Amino acid sequence: MSRRTLTYVCQNCGAASARWQGKCEACGEWNCLVEEGDGTSGVAGRPPAPGRSPRKGRRFALQPLTGENQEAPRLSSGVAELDRVTGGGFVRGSVLLMAGDPGIGKSTLLIQAAASLARLGHRAVYISGEEAVAQVRLRAERLGLGSAPVELAAETSVEDIVATLSEGSTPRLVIIDSIQTMWTDLVDSAPGTVTQVRGSAQALIRYAKNSGAAVILVGHVTKDGQIAGPRVVEHMVDAVLSFEGDGRHQFRILRAVKNRFGPTDEIGVFEMTGLGLRQVANPSELFLSERDLGSPGTAVFAGVEGTRPVLVEIQALVAPTTLGTPRRAVVGWDGSRLSMVLAVLQAHCGVNLGGHDVYLNVAGGLRIAEPAADLAAAAALVSSLTNAPLPADAVYFGEVSLSGAVRPVAQTAARLKEAQKLGFARAVLPEAARNETADPGLSLTTVSALVGLVSDIAARGEKTSRNQPAERFRNHSGDRRAREAQVA
Ligand code: TYD
Ligand code: MG
């Protein structure tokens, strides 16, 4: 008879090992290996105990793909930007993880959503494991939500919470702030540990599926950007929303990282104000609100986030280096994408930046993942290098390939329409995209190869450098003073 073998499974990352060890070799976590049945006898795991015959399987009916399907009933949160990211509102019985850095505004956003739901007559419960009821109340009052009939509690025991919520009418929305403070009796490790976070999340997910309430779990992100508890909760929940932002900016971006009921490429944009989070319906206006008009090294990129076009300024600074290895620093864009654009500039356009430090920044704290930003980034880089300001009324988009060609990108018409709406007069775009829109509404400059754009910008630079540089500088700072006066 074969001996029953055991496997030890890391409770943090799920790696299996043949013997018990103090530290998981895969993720480096300590004391997280737990004995589990082996997988050699099939998917179900454990072989039957000796002397007992295997259970005969129950037969179940198989269903066709088509059929009567209830459309997932959604509940609008009353916060349009949040609905956009979730794909139309909270789905009944679903569990959503809201992840973000401490202090980014998770509690603020969720109390606002709970209040707006409660005002529409739905039962909304807010359970805080971090703050006392009085603190949550104080914040709600400051946000002008004091009168909303949200039910509050400061509790951390999952069993107590489920028992309380199971009484009376089922809440439509339950907010657990945060999952790291919750603990369950079923697991005997300290709150905040991976096992506790996983156990508590499991219990709350079971509650959501059984009751039909939508549950939102708040999760803090660790220093290295992982959702703490590490990623254990991420695969258990239906949706993961990440709330991002830069402490220095008041803009906050809500992004779906995973969504079983909707798209994952939509973003929601908020602005943190003294009165809580304000929705930003037109992000382009916000991202372009503080443009440095007429200075070299800035290009406006016509991007698309999900279904919504977003115009954003890309800023570049190219300066002679004093270091052996020049610096390449990039904020809001992919560092390897920058290296690629620099390599194409060098190999195909004769622009050598080997002796220059390069800094690239996406204004407003937005993070761009689209390859369509290549052309705008290249334009900003060349503009900074040649000290030639780009036309202030132009937008740029297009993907640059390794051969130096400029490739078309999706949604040309939407990008052009947004640019026109915001008062731009021309667009620089890939040659192949010229015929995608019948009535662009703004003048189009097409480029088929990056080298064409580079020589255009360099020619502008020569023209401007013939003017007095000091004159130009005076004009520029004069502009700024005028603007400041206007603001004051
Ligand atoms: P909070 O929602 O408590 O963050 P989290 O739950 O993600 O940890 O928000 C904390 C920050 O938001 C805090 O630094 C102050 C700022 N804030 C405002 O600027 N205005 C406001 O109206 C509120 C409520 C918070
Ligand atoms: Mg909080």
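So, here's what we can say about the structure. (Residues numbered from 1 in each chain as written. Chains lettered and ligands numbered in written order. Predicted model: local features only at pLDDT ≥ 70, side-chain atom pairs only at ≥ 80, totals over all residues. Heavy atoms only, no water.)

### What to know about the packing of helix α7 (residues 335-349) against helix α8 (residues 374-386)
Rule in force here: Axes, fitted as lines to C-alpha atoms, cover a helix only where it is in contact. Angles between the N-to-C directions of the axes lie from 0 to 180 degrees. Strands here are runs of E lasting at least two residues and helices are runs of H or I lasting at least four, both read from the DSSP assignment and numbered beginning at the N terminus. Comment on the angle field: the value is read as roughly parallel under 35 degrees, roughly antiparallel over 145, roughly perpendicular from 65 to 115, and oblique elsewhere. By definition, any crossing whose near helix is turned counterclockwise from its far helix by less than a right angle is left-handed, and any crossing with a clockwise turn is right-handed. In what follows, residue pairs with any heavy atoms lying within 4.5 Å of each other are defined as contacts. Residues are grouped as follows: Ala, Val, Leu, Ile, Met, Phe, Trp, Tyr, Cys and Pro are nonpolar; Asp, Glu, Lys and Arg are charged; every other residue, Gly included, is polar.
Between α7 and α8, the least distance of the axes is 10 Å, while the angle of their chain directions is 60°. Looking at the two axes, α7 sits oblique to α8. In terms of crossing hand, the pair formed by α7 and α8 is right-handed. Counting all contacts with α7, which are made through Arg-337, Leu-338, Met-340, Val-341, Leu-342 and Leu-345, the residues of α8 involved are Asp-374, Ala-378, Leu-381 and Val-382. For the contact of α7 with α8, the per-class residue count stands at eight nonpolar, no polar and two charged.

### Observations regarding the side chain of Glu-271
This is how the line gets drawn: Three exposure classes are used, based on accessible area relative to the maximum for each residue type with a 1.4 Å probe and protein chains only: buried under 20%, partly exposed in between, and exposed over 50%. Here a polar contact means two N or O atoms within 3.5 Å. Within protein one must be a hydrogen donor candidate and the other an acceptor candidate, and residues neighboring in sequence count only if both atoms are side-chain atoms.
You can see Glu-271 is positioned in strand β13 (residues 267-273). Note on Glu-271: relative accessible area 14%, which makes it buried. Among the polar contacts listed, one links the side chain of Glu-271 to the side chain of Arg-278, at a separation of 2.4 Å. With residues up to four places along the chain from it excluded, the contact list for Glu-271 reads Gln-250, Phe-251, Gly-276, Leu-277, Arg-278, Val-280 and Leu-286.

### What about the site of ligand 1?
Note the cut-off: Near, as used in this document, describes a residue that has one of its heavy atoms within 4 Å of the molecule or strand being considered. Each accessible area is a Shrake-Rupley result for a 1.4 Å probe, and residues are judged covered by the shown protein chains and nothing else.
Near ligand 1 there are 16 residues, and of these Gly-103, Lys-106, Ser-107, Thr-108 and Thr-273 occur at the shortest range. Contact with the protein chains covers 72% of the free accessible surface of ligand 1, which is 560 Å². Secondary-structure elements contributing two or more residues to the shell around ligand 1 are α2 (106-119), α3 (133-142) and β13. Take the shell around ligand 1: its biggest share by element is three residues, from α2. Partitioning the shell around ligand 1 into residue classes produces five nonpolar, seven polar and four charged.

### Focus: α8
Heads up, the rule is: Given the number of residues in a helix, its expected span is that number minus one, multiplied by 1.5 Å.
Its 13 residues give α8 an end-to-end C-alpha distance of 18 Å, which sits within 8% of 18 Å, the value for a rise of 1.5 Å per residue. Taken together, the buried positions of α8 are occupied by Asp-374, Leu-375, Ala-376, Ala-377, Ala-378, Ala-379, Ala-380, Leu-381, Val-382, Ser-383 and Ser-384. Following α8 by one or two positions, Asn-387 adopts a phi angle in the positive range, close to 60°.

### Digging into the pattern of salt bridges
The condition that has to hold: A pairing counts as a salt bridge when a side-chain nitrogen of Lys or Arg comes within 4 Å of a carboxyl oxygen of Asp or Glu.
In the structure shown here, the tally under the stated rule is 16 salt bridges. Close ionic contact of Glu-81 with Arg-84 constitutes a salt bridge, the shortest N to O distance being 3.7 Å. With Glu-81 and Arg-84 both in helix α1 (residues 80-86) and three residues apart, this pair spans about one turn of that helix. Owing to a relative accessible area of 27%, Arg-84 belongs among the partly exposed residues under this scheme. Each of Glu-81, Arg-84, Glu-266 and Arg-308 takes part in a single network of salt bridges with overlapping partners.

### Quick word on the environment of Ala-299
Looking at where Ala-299 falls in the secondary structure, it is placed in strand β15 (residues 298-305). In the structure, Ala-299 is positioned 97 residues away from Tyr-396 in sequence and 7.1 Å away in space, judged by C-alpha atoms. The residues contacting Ala-299, other than those within four sequence positions of it, are Val-312, Glu-313, Ile-314, Ala-376, Ala-379, Ala-380, Leu-390 and Tyr-396.

### Remarks on the packing of aromatic side chains
In plain terms, the rule: Any two of the Phe, Tyr and Trp rings considered here, Trp counted by its six-membered ring, make a pair once their centres fall within 6.5 Å; the pair's planes then place it as stacked at under 30 degrees, edge-to-face at over 60, or tilted in between. Counting as a charge over the ring demands two things of the Lys NZ or Arg CZ atom: a distance within 6 Å of the ring centre and an angle within 35 degrees of the ring normal.
Inspection of the entire model under this criterion finds one aromatic pair. Consider the rings of Phe-243 and Phe-270, whose centres lie 6.0 Å apart with planes at 85°: the pair is edge-to-face. Of this pair, Phe-243 sits in strand β11 (residues 239-245) while Phe-270 is found in strand β13, placing the two residues 27 residues apart along the sequence. Residue class for Phe-243 comes out buried when judged on its relative accessible area of 2%. By relative accessible area, which is 0% here, Phe-270 ends up buried. Cation over ring: Arg-415 sits above Phe-397, and NZ or CZ is 5.4 Å from the ring centre.

### Points about helix α9 (residues 412-421)
Stated precisely, the cut-off is as follows: Within this analysis, the arc is defined by the directions that extend from the helix axis to the C-beta atoms.
For α9, the complete set of buried residues consists of Thr-412, Arg-415, Leu-416, Glu-418 and Ala-419. One side of α9 holds all its buried residues, which, seen down the axis, span an arc of 160°. In α9, the exposed positions that point more than 90 degrees away from the buried face belong to Lys-417 and Lys-421. Elements that come into contact with the buried residues of α9 comprise α6 (283-287), β15, β16 (308-320), β19 (394-396), β22 (426-430) and β23 (443-447).

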